[in-house]
Amino acid sequence: MIIKKFLGKTEEEAVEAAKKELGSGVVIMNVKNVKPKGLKALFRPKMIEVTVALEEESDVKRPPSREGIPASAGNPAAARTVLQGGRPVSGGGSALRPAEDSMEERASIERKLDNLQNLLVSRFQQSELERREQLAGEEDGSDSEECPEAEDMEEKEEITEQQRFMKLLYNTMLESEVDEKYANQIVDEVDVSGQSNLPFDYILGNVYQKMILKFGRADGITAVEGHPKIVVFMGPTGVGKTTTIAKIASDYVVEEKKRVALLTADTYRIAAVDQLRTYANILEVPFRVIYSEEEAREAIQEFGGYDYIFVDTAGHSHQNEEQLNHMKRLVEVVREAGESQVFLVLSATTKYRDLTRIVSRYSQIADYQLIFTKLDETDVLGNLLNLKLYTDTPIAFVTYGQNVPNDIEQFNPQKAVKQILSKKQERNA
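All of the points below concern the structure found in this document. The residue count restarts for each chain, going from 1 along the sequence in the order it is written. Owing to the predicted nature of the model, reporting of local features is limited to residues with pLDDT of at least 70; listing and counting of side-chain atom pairs is limited to 80 or more, with chain, interface and lining totals taken over all residues. In computing side-chain values, all of the structure's heavy atoms are included and hydrogens and water are not.

Notes on the side chain of T378
Spelled out, the test is: Here a strand is any run of E in DSSP of at least two residues, a helix any run of H or I of at least four, and the numbering for each starts at the N terminus. Two N or O atoms count as a polar contact when they lie within 3.5 Å, although within protein this holds only if one can serve as hydrogen donor and the other as acceptor, and sequence-adjacent residues are included solely when both atoms are side-chain atoms. Residue contacts follow a heavy-atom distance rule, with two residues in contact if any of their heavy atoms lie within 4.5 Å.
Summarising the element assignment, T378 is placed in the loop between strand 9 (369–373) and helix 13 (382–391). A distance of 3.3 Å separates a polar side-chain atom of T378 from the backbone oxygen of V380. Non-local contacts of T378, meaning those with residues more than four positions away in its chain, are made with A348 and T349.

Remarks on the packing of helix 5 (residues 161–175) against helix 6 (residues 180–189)
Defined as follows: Each axis is a line fitted through C-alpha atoms, and for a helix only the stretch in contact is used; angles between axes span 0 to 180 degrees, taken between their N-to-C directions. Throughout, the term roughly parallel applies to angles under 35 degrees, roughly antiparallel to angles over 145, roughly perpendicular to angles from 65 to 115, and oblique to all others. Should the near helix be turned anticlockwise from the far one by less than a right angle, the crossing is termed left-handed; should it be turned clockwise, right-handed.
Look at helix 5 against helix 6: their axes get within 10 Å of each other, and the N-to-C directions meet at 155 degrees. Between helix 5 and helix 6, the interaxial angle falls into the category roughly antiparallel. The hand of the helix 5/helix 6 crossing is right-handed. Residues M166, Y170, M173 and L174 of helix 5 touch helix 6, and the partners they reach there are E180, A183, N184, I186 and V187.

What to know about the packing of aromatic side chains
Quick note on the threshold: Classification of ring pairs rests on two measures: the distance between centres of Phe, Tyr or Trp rings, Trp counted by its six-membered ring, which must be within 6.5 Å, and the angle between planes, read as stacked under 30 degrees, edge-to-face over 60 and tilted in between. For the exposure calls, accessible area comes from a 1.4 Å probe over protein chains only, and a residue counts as buried if that area is under 20% of its type's maximum, exposed if over 50%, partly exposed in between. Two conditions define a charge sitting above a ring: the NZ of Lys or the CZ of Arg must be within 6 Å of the ring centre, and it must be within 35 degrees of the ring normal.
One pass over the structure, following the stated rule, counts nine aromatic pairs. Centre to centre, the rings of Y308 and F310 are 6.0 Å apart; their planes meet at 35 degrees, and the pair counts as tilted. Judged by relative accessible area, F310 falls into the buried class, the value being 0%. Residues F343 and F397 carry aromatic rings whose centres are separated by 6.0 Å and whose planes lie at 40 degrees to one another, so their mutual orientation is tilted. Pair noted here: F343 is in strand 8 (residues 340–347) and F397 is in strand 10 (residues 395–399), with a separation of 54 residues, a long-range link. The same class applies to F343 and to F397, which are both buried. What links up through ring pairs into an aromatic cluster is the set F233, Y252, Y308, F310, F343 and F397. Across from the ring centre of Y306, 4.0 Å away, lies the NZ or CZ of R259, which sits over that ring.

Remarks on the pattern of salt bridges
For the record, the criterion: The salt bridge criterion pairs a side-chain nitrogen of Lys or Arg with a carboxyl oxygen of Asp or Glu, the two atoms within 4 Å.
Counted by the stated rule, this structure contains eight salt bridges. One salt bridge in this structure joins E293 and R329, with 3.3 Å as the shortest N-O distance. With E293 in helix 10 (residues 293–302) and R329 in helix 11 (residues 321–337), this residue pair connects regions lying 36 residues apart in the sequence. Note that E409 is salt-bridged to K415, the shortest N-O span being 3.0 Å. E409 sits in the buried class, given a relative accessible area of 10%.

Regarding helix 1 (residues 11–22)
Our working definition: Any helix carries an expected span of 1.5 Å times its number of residues minus one.
Its twelve residues place the ends of helix 1 16 Å apart at the C-alpha level, agreeing with the 16 Å of an ideal helix rising 1.5 Å per residue. Positive backbone phi, approximately 105 degrees, marks G23, located one or two places after helix 1.

A short note on the pairing of strand 4 (residues 229–234)
Put simply, the rule reads: Here, any two strands with at least 2 DSSP bridges between them count as paired.
With respect to burial, strand 4 is a largely interior element, six of its six residues being buried. Burial of strand 4 is two-sided: the residues K229, V231 and F233 facing one way and the residues I230, V232 and M234 facing the other way are all buried. By the bridge criterion, five bridges tie strand 4 to strand 7 (residues 308–312) in an arrangement that is parallel. If you follow K229 over to strand 7, its bridge partner there is Y308. Here strand 4 pairs with strand 8 via five bridges, running parallel. Within the sheet, the bridge partner assigned to V231 lies in strand 8 and is Q341.

What is shown is where atoms sit, not what they do.
Below is the structure:
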């Protein structure tokens, strides 16, 4: 795995330099402003530093010497330095922008990352002790000549500590409800067979980075100039679409000082209309209920001078063909009316099997980014990785409570991977 930083006058210039040197397969891990140093700083403009990563097939076949191990792979703190944070949605200091998290929150994340290796190594040492005690007990109970399984026991002993540590990581992913298919993919990409002296911190760092790369990074809500960005939120009933829209709208109105209009096509539930109208009144932004595609066109035209138009839609069963077709027509109208984005809102508490059915049906409507809600109602985040790999669609935001405008943030792969690789009782440590 190659991790490298590039400078440019703009983010696009730095990314272009990265792609020119490393190819189009690079993954952007971090973007930040860099101030020039020294006396000449007064005469030099600020630069943009972009950290990118490129996964190489040769990574899993590196020689086991310490010289061949990247500093970030063998050192959680170094990996954190390279991979910390993500690109802001659109600047500012809100909860939607992890690069601007409070120092206290960042310090908390760093402590948890530093403890991850110790937690896993402790678990491994405990399992090794139990394994040796079991082997010793079986050897005391029977002679090798009388035990037809003696040869099998000797073969099991030939399994290296590195392979057993990988098995621990694999089982931990399964405990976090990562689908077996994807857990096997990750383990296969970090092949330790035939390498007897790889340190555990290298193995853990490699798995950690590969999982972050698999999560990738979403664009979030991208701004446009001269006309409004129309943002449509869709999803099944009860996932918290309306509350999520209120949180995002509050961020853009209060933190970004943007002009936002709220529309709702959720005419099936009076409570949803009243809820969004209440938030619109609090934020002092315009609100409209749209009953048809024509009313959607008129409302979008009416708010043509605004920065953002957020559109709430009716939550319904993914098996309801009529409502899905109505949703598809609404999205087509929005696309014709201006530049738009679509977000599919899902609950982190939904079973993986049901999630795959839901996303398969909604993919017939439009391309989308994902938003996961109710992270505070589950102990496991494996489904986030499952859905990202199943759909090849990035996760933009996550929510973890009902408080508006709080309890929402841009998805942070580092935090998610740390939780996936931790046991349930260790996650709140």
